[in-house]
Amino acid sequence: MPNILNRSQKKFCNLPPNKNVRLLAPAGSGKTYSLLWRCKYIVEKAKEKGEPEPFFLLVSFTRAAKLELEYRLKHDDDFAGIHATVRTLNAWGWEQVKSPGKELLTSVSQMRSAINHGLFRVVEKYPRISQSFEKTKGNTSKTWFDLIDLYKSLGFVHTMTKAEYKDHVKYLRELGLIKILEEGYKTIYNLLDVANEDGKTKNESIREFFSFWKDAVERLEAQNYFTLEDQKYWAMLYFKKQLAASKAPQGITRYTHIMIDEFQDINPLDLELIKCAVAYHSNKGKPAALTLIGDDDQAIFGWRGTSPKFILYPEVYFGAPFVTCVLDTNYRSPKGIVDLSSKLLSNNLEREPKEMRSVAKGRATIKVLHSKGQDTSIETTMKLVRKLVKDERYQQVALVGRRHVSLFPYQVLMSAEEMPYYVNADIDIYAGEAMKDYVALLQLKADIKNDKVGDPVEAILTICDKIGKRGLAKNDRRDLEVHMRRVRPTSVGDALKALKTYPDLIKNKSTGAIAATIEQLLRAKTVYQFLDLEEKSLRGLDKDYQKKEIDTHYKEPQFSRLKEISKKYKNDFEAFIRDIERARIAGERSREKSNDDSEKGYKDIVNTKLHLMTATRAKGHEFDAVIVLDADEDEWPSRQTEDIEEERRLFYVALSRAKKYLCFVRTNDKAASPFLKEAGAE
Ligand SMILES: Nc1ncnc2c1ncn2[C@@H]1O[C@H](COP(=O)(O)OP(=O)(O)OP(=O)(O)O)[C@@H](O)[C@H]1O
Ligand SMILES: [Mg+2]
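Keep in mind that what you see is a predicted model, and the values were worked out from it rather than measured. (Residues numbered from 1 in each chain as written. Chains lettered and ligands numbered in written order. Predicted model: local features only at pLDDT ≥ 70, side-chain atom pairs only at ≥ 80, totals over all residues.)

1. A few points about the site of ligand 1
Thought 1: If you check the shell around ligand 1, you find 18 residues, and the closest are Gly 30, Lys 31, Thr 32, Tyr 33 and Tyr 331.
Thought 2: Broken down by element, the shell around ligand 1 gets its largest block of residues, three residues, from helix α2 (residues 31–49).
Thought 3: Per-class residue counts for the shell around ligand 1 are six nonpolar, eight polar and four charged. (Near = placed C-beta within 6 Å. Helix = DSSP H or I, 4+ residues; strand = E, 2+ residues; numbered from the N terminus. Nonpolar A, V, L, I, M, F, W, Y, C, P; charged D, E, K, R; others polar.)

2. Thoughts on the sheet that holds strand β12 (residues 397–401)
Thought 1: The strand order across the open sheet formed by six strands is β11-β16-β15-β12-β14-β13, and the pairing between neighbours is parallel. The open sheet has two free edges, formed respectively by β11 (365–371) and β13 (421–424), since each of these has just one partner strand. Here the strands of the sheet are splayed against their neighbours by 20 degrees on average, with no regard to which way each runs.
Thought 2: Relative to the sheet, helix α28 (residues 644–655) contacts β12, β15 (623–628) and β16 (658–667), its axis offset from that of β15 by approximately 140 degrees. (Pairing = 2+ DSSP bridges. Axes fitted to C-alpha atoms, helices over the stretch in contact; angles between N-to-C directions. Contact = placed C-beta atoms within 7 Å.)

3. Observations concerning the domain arrangement of the protein
Thought 1: Annotation of the protein at the domain level lists domain 1 (7–97 + 233–329), domain 2 (108–227), domain 3 (335–428 + 578–679) and domain 4 (433–550).
Thought 2: Of note, the centres of domain 1 and domain 2, computed from C-alpha atoms alone, are 32 Å apart.
Thought 3: Facing the 10 residues of domain 1 at the interface are 10 residues of domain 2.
Thought 4: Among the secondary structure elements, those contributing two or more residues to the side of domain 1 that touches domain 2 are α11 (228–244) and α12 (268–280).
Thought 5: Looking at the side of domain 1 that touches domain 2 residue by residue, the classes come out as four nonpolar, three polar and three charged. (Domains from an automatic or database assignment.)

4. Overview of helix α10 (residues 199–222)
Thought 1: Taking 1.5 Å per residue, 24 residues should reach 34 Å; α10 reaches 35 Å between its end C-alpha atoms and fits that length.
Thought 2: By the burial criterion, the buried members of α10 are Ser 205, Phe 209, Phe 212, Trp 213, Ala 216, Val 217 and Leu 220.
Thought 3: Lining the buried residues of α10 we find α5 (108–124), α6 (127–136), α7 (141–153), α9 (178–191) and β5 (225–226).
Thought 4: Just past α10, the residue Asn 224 takes up positive phi, approximately 70 degrees. (Expected span 1.5 Å × (residues − 1). Buried ≥ 20, exposed ≤ 12 C-beta atoms within 10 Å, placed from the backbone.)

5. Focus: the sheet that holds strand β7 (residues 289–294)
Thought 1: The strand order β3-β2-β6-β7-β1-β8 describes an open sheet built from six strands, whose pairing is parallel. On the outer flanks of this sheet lie β3 (84–88) and β8 (323–326), each paired with one strand and no other. Across the sheet, the axes of successive neighbouring strands diverge by a mean angle of 15 degrees, strand direction being ignored.
Thought 2: With five bridges connecting them, strand β2 (residues 56–60) and β3 associate as parallel partners. In the sheet register, Phe 56 faces β3, and the bridge partner there is Ala 84.

6. As for the environment of Pro 456
Thought 1: Positionally, Pro 456 belongs in helix α19 (residues 456–466).
Thought 2: In contact with Pro 456, other than residues within four places in its own chain, are Pro 489, Ser 491, Val 492, Asp 494 and Ala 495.

7. Some thoughts on the nonpolar core
Thought 1: One finds Val 400, Ile 460, Val 626, Val 628 and Leu 655 to be the most contacted residues of the largest nonpolar core, which totals 98 residues.
Thought 2: Element by element, the count of residues in this core is highest for helix α18 (residues 433–449), at seven residues.
Thought 3: Counting 56 residues, the second largest nonpolar core, distinct from the first, contains Val 21, Trp 234, Leu 290 and Leu 292. (Core = buried A, V, L, I, M, F, W, Y, C linked by C-beta atoms within 7 Å.)

8. A few points about the environment of Arg 7
Thought 1: Topologically, Arg 7 is positioned in helix α1 (residues 7–13).
Thought 2: For Arg 7, a count of 9 C-beta atoms within 10 Å gives the class exposed.
Thought 3: Placed 320 residues apart in sequence, Arg 7 and Leu 327 show a C-alpha to C-alpha distance of 9.0 Å.

9. As for helix α15 (residues 335–345)
Thought 1: Listed as buried for α15 are Ile 337, Val 338, Leu 340, Ser 341, Leu 344 and Leu 345. Seen along its axis, α15 keeps its buried residues to an arc of 155 degrees; they face one direction.
Thought 2: Looking at the buried positions of α15, the neighbouring elements they touch are β9 (329–330), β10 (357–358), β11, α28, β16 and α29 (674–679). (Arc of directions from axis to C-beta.)

10. Comments concerning the pairing of β15
Thought 1: Of all six residues making up β15, five are buried, and the element is well covered by its neighbours.
Thought 2: In the sheet, β12 pairs with β15 via four bridges, with the strands oriented parallel. Bridged to Ala 398 within β15 is Val 626.
Thought 3: Strand direction decides the pairing type here: β15 and β16, joined by five bridges, are parallel. Following the sheet pairing, Ala 625 is matched in β16 by Tyr 661.
Thought 4: Running through α28, the crossover from β15 to the neighbouring parallel element β16 is right-handed. (Right-handed = clockwise from strand over helix to strand, strands pointing away.)

Below you can see the structure in the form of structure tokens.
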């Protein structure tokens, strides 16, 4: 092994090739880095002994990590001669089962159509479920599919008997995942409208759902509809079938070694798939050797049903012995940052304690950037970003938010300044329906200002639609339109006058009140004034639970973050719209890049200096400079969480990405995030 590896890394690499190994170590200690060196050692050993060439399945958590490993395998001479498949678990599972005609359901509309075309015969058999479908008319398709997938993630199998179901629930309880199942139960109660019923009715609903689930899983597969969890679920069942028929991969197609990075974020389905794959890739009864790599302190997907117990007790869950290796030297971050991490994590009770020692050269810059309010905080952060982008000491700079909403204004501001950036978030608000409505209103205002409105009646109707929570009812809209058109208005003012004489209520409000709101909006001079009024009076852009399925933004609208940056646009509505559009395009480009499996796609991302991401997406990466956004009490921990330790781990993931420079952004009119104090940063 080369001398660049430290002693514990070498120890890990040089373990006997056929052993199952667990590598449990903190962020930045070179876990991912050591992985290929271990492969190299195994290849060399096989050569020495004249054994057949080893074949590795390397499983990474994200596509970006996969591309990085592939890149190193291809271009780094040290790793020439390693025969490996690098995949995410989903992609690999899908490769086992996909065939032409199988459709992967990723959009809400696909799910709706799968329910209407694929599931109606199944739904018919279940009275409560068909009632629920009738009532919600397809508005709950995504919720249904999320539930169907949740049962799969948690490791339920559609061939389970009632007794097996009960046993599995016990298993989930032991794993600490019962809460996740209970959340699922709550969703079922709401969908089946039994939330206020007695325990017996609720239990019946759960039983009805489970029977439905079993039928639905089978039916959807038969109809060629697949969800993201299905990529792994059906691969797991495929292996089970092969194993039952005593089939095994032949010759060079057999993986001798299966290595999984970020193993702390594995759910029961992932575990089962890996177990089956290991058993399937056996040779003369000897299964493929496993290497599990992870850090229980970075387990951040508990809310999706993953369990760090699998990495903490691999012997229990794989029923096989493991050799454990620990790395304790941090190469990524200088001492200051490692100290913050240690202090922060010492507040978590459920963890394997670890030593952390930094050998990264130089001193870390650690800062807390204070600002008075949210809008000044965004401006101050932008100043810092401009400075860091120019600074040649930093090749990559990341802005990390707890939620996408923290990144939201920066996408517009950076687009406005034509700064290239790559955004990596769980959802893209700019591509959503809510944003389209929002921009359409801004455009309408700009058109009114410029006397460019084609149809004044339609303009007034569009605004009316957004006043109050729901749009205008079809009949009301028609009547109001007929009424206004009677006077043939040629301007928005005329149409508004006509609206004032409408004899009926509009959305249960007097025409006077509606007209007053519209007048105020028309009078607003600046973008800020308009958005301020919009926020107060156009509730149609606000919470709209009917629409939350098509656009998660409707669950918790955050246009206020755009209002905060709108002041600088003064009365230039067009510029504001243009920059929002640029942000949308930048989001689309980022998505294209992240879907690009080619080396060019990977290099494009690596060569981008500015990165915007949510903390969950930051895992496994490193950046010279990291700015943790909104390090305030209301963002870190998330208000919705019940698991403070997981939130703390997420904060750790965020700050442990930094190689040289770490900055926490604070807004002084809010309290600081408790994690800042715990880490000793404030
Ligand atoms: N022995 C070493 N000598 C020099 N640099 C090293 C060594 N080991 C690791 N590194 C560097 O340290 C950094 C962190 O390594 P790596 O990303 O593998 O850590 P990790 O343990 O996988 O972290 P995470 O838990 O965040 O995924 C990388 O830049 C890597 O190149
Ligand atoms: Mg790693």
